[in-house]
Amino acid sequence: MTRLRKWLNDSPHERKRNRNNPFLLFLLLAALIVPVTSNASTNQQVEESVRLIKQKEYAQALDLLHELETSLLNPEEISKLLAFAYLGRGYQQLSLNNFSAAREAFLEGRRYGQDDVRFWQGEAMTLFKQGQYPEAVSVLNQALGIAPQSADVYQLLGKSYYADGRMAEALDALTRSSELGDNSEVTKLLEKVRREWQIEQEMGQEVRGHFQLSFADGGQSDNLATTIVETLEDAYSELGSDLGYYPDVKVPVLLYSRKDFSSVTNSPDWAGAVYDGKIRLPLGGMHHMSDQLAAMLYHEYMHVLVHFRANRNIPVWLNEGLAELAGRRIHSLPLESLQRASEENQLIHWDELTGPFTGLADNKVRLAYEQSYSLVYFLVDRFGWHKMAELLERLGKRQAWQAAIAAVYHDYGLDWPAILKEWQTSLVR
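Residues numbered from 1 in each chain as written. Predicted model: local features only at pLDDT ≥ 70, side-chain atom pairs only at ≥ 80, totals over all residues. Heavy atoms only, no water.

When you look at unusual backbone geometry in this model, what are you seeing that I'm missing?
Trans peptide bonds make up most of the peptide bonds, and negative phi angles are found at most residues other than glycine. Of note in the backbone geometry, Lys56 takes a positive phi value of approximately 65 degrees without being a glycine. As for its placement among the helices and strands, Lys56 is situated in the loop between helix 4 (40-54) and helix 5 (58-71). Relative accessible area serves as the criterion here: at 54%, Lys56 is assigned to the exposed category. One non-glycine residue, Asn266, adopts positive backbone phi at about 55 degrees. With respect to the helices and strands, the residue Asn266 is situated in the loop between helix 14 (258-265) and strand 4 (274-275). Looking at Asn266, the relative accessible area reads 60%, which means it is exposed. (Helix = DSSP H or I, 4+ residues; strand = E, 2+ residues; numbered from the N terminus. Buried < 20%, exposed > 50% of the residue type's maximum accessible area, 1.4 Å probe, protein only.)

Is there a simple way to think about the pairing of strand 1 (residues 203-208) in this case?
Where a strand is regular, its side chains alternate between the two sheet faces. The pairing of strand 1 with strand 2 (residues 211-216) spans six bridges and is classified as antiparallel. Within strand 2, the residue paired with Val207 across the bridge is Gln212. Hairpin connection from strand 1 to strand 2: two residues lie between these consecutive antiparallel strands, with Gly209 at a positive phi of about 60 degrees. (Pairing = 2+ DSSP bridges.)

Would you explain helix 11 (residues 167-180) in this entry?
In an α-helix, one turn spans 3.6 residues; hence positions three or four apart end up facing the same way. End to end, helix 11 covers 20 Å across 14 residues, agreeing with the expected 20 Å (1.5 Å per residue, within 8%). Turning to helix 11, its buried residues are Met167, Ala170, Leu171, Ala173, Leu174 and Ser177. Considering only its buried residues, helix 11 is in contact with helix 10 (151-163) and helix 12 (184-200). (Expected span 1.5 Å × (residues − 1). Contact = heavy atoms within 4.5 Å.)

What follows is the structure, given as structure tokens:
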């Protein structure tokens with residue numbers, strides 16, 4: 001038990017360093033099932049709770065452990081097990097996008113692991129994934145009171161500041177994270193923030209409705225910015241109604257010159273705009289709203305909805321197809337590339353469209369967007385927005401996309417291959 005107590009009382013950093021030691025893990029599990037009291041029934045419950053934790057059945061383990069907590073003369077004997085179970089349940093529910101259950105687990109777990117910063121990190125990540133960046137910052141500043149030298153806490157703090165548009169604070173936090181630990185992800189993000197901050201320092205900022213706008217100073221930019229926000233608010237209402245989802249977030253929107261847009265995003269020439277956690281638009285010489293610009297805004301806002309709804313677990317064809325469906329309600333061009341490819345049997349294989357379109361040859365990009373749009377339009381037109389909303393929800397809970405499609409459209413007797421067959425049949429009508 002001495003080795004177990006030492007492991008249980010290790011700092012999170014020491015635990016992380018030792019977690020891949022098979023002998024230590026074996027010793028831990030063996031020691032955990034050593035009776036904590038002389039009561040045989042109690043020992044069986046402890047052994048069962050350890051088994052459940054090992055199998056990631058955290059809810060059942062917690063039920064057993066709380067029963068023990070009320071019956072033991074010294075309930076602190078199982079406090080570490082309770083902490084492990086709550087921590088495991090919190091991250092398990094977070095991975096499934098069950099944010100309320102995840103946050104509840106992290107908050108409850110603090111009662112048993114007051115010095116374990118992972119409970120604060122977990123709560124902050126839950127808030128971050130919901131787009132509640134200021135709230136995440138508040139929790140992470142509390143976490144620094146427990147682990148003031150944690151590179152991981154500073155990294156998440158920097159990401160939260162960055163997502164909230166607080167660039168100077170993001171630079172400070174990420175710099176501190178870089179100083180405390182060697183992390184290529186931090187280095188890459190730090191360089192990105194520095195590059196963007198050089199440009200954004202010269203931009204005006206304003207929060208309007210559900211959007212946080214940054215734009216070049218000047219009267220014409222101000223006027224166009226107002227119209228852009230009004231159009232985005234329309235998209236918030238209309239697309240939110242389609243999917244039954246209205247995220248309570250402030251979406252950063254940055255309006256660049258064409259030169260600055262290219263410098264910040266490193267996007268290909270054919271990219272009209274980018275959503276990477278922030279909507280980034282090259283205004284170029286635009287001075288007023290047009291159908292093309294409005295369509296672009298609807299397109300990018302759909303990416304926002306998909307980002308929060310599907311938790312990045314989505315094939316690119318579905319993401320871009322939904323965005324095209326949103327934009328084309330404002331401004332739609334003929335599907336010339338799709339028609340030609342269909343007639344010549346030159347459609348892009350769907351495996352190529354699950355990843356970023358930036359990897360495609362330039363002469364395939366337009367077809368990729370049209371093909372993706374056509375299939376998503378087919379799904380929504382034939383089966384309704386409510387089924388699409390269900391599909392995004394399943395993806396957000398980490399279900400594989402082909403399995404999610406089969407589950408959503410099961411009532412129609414359709415899986416992924418059957419849907420493709422029906423869609424291709426629809427092209428030749």
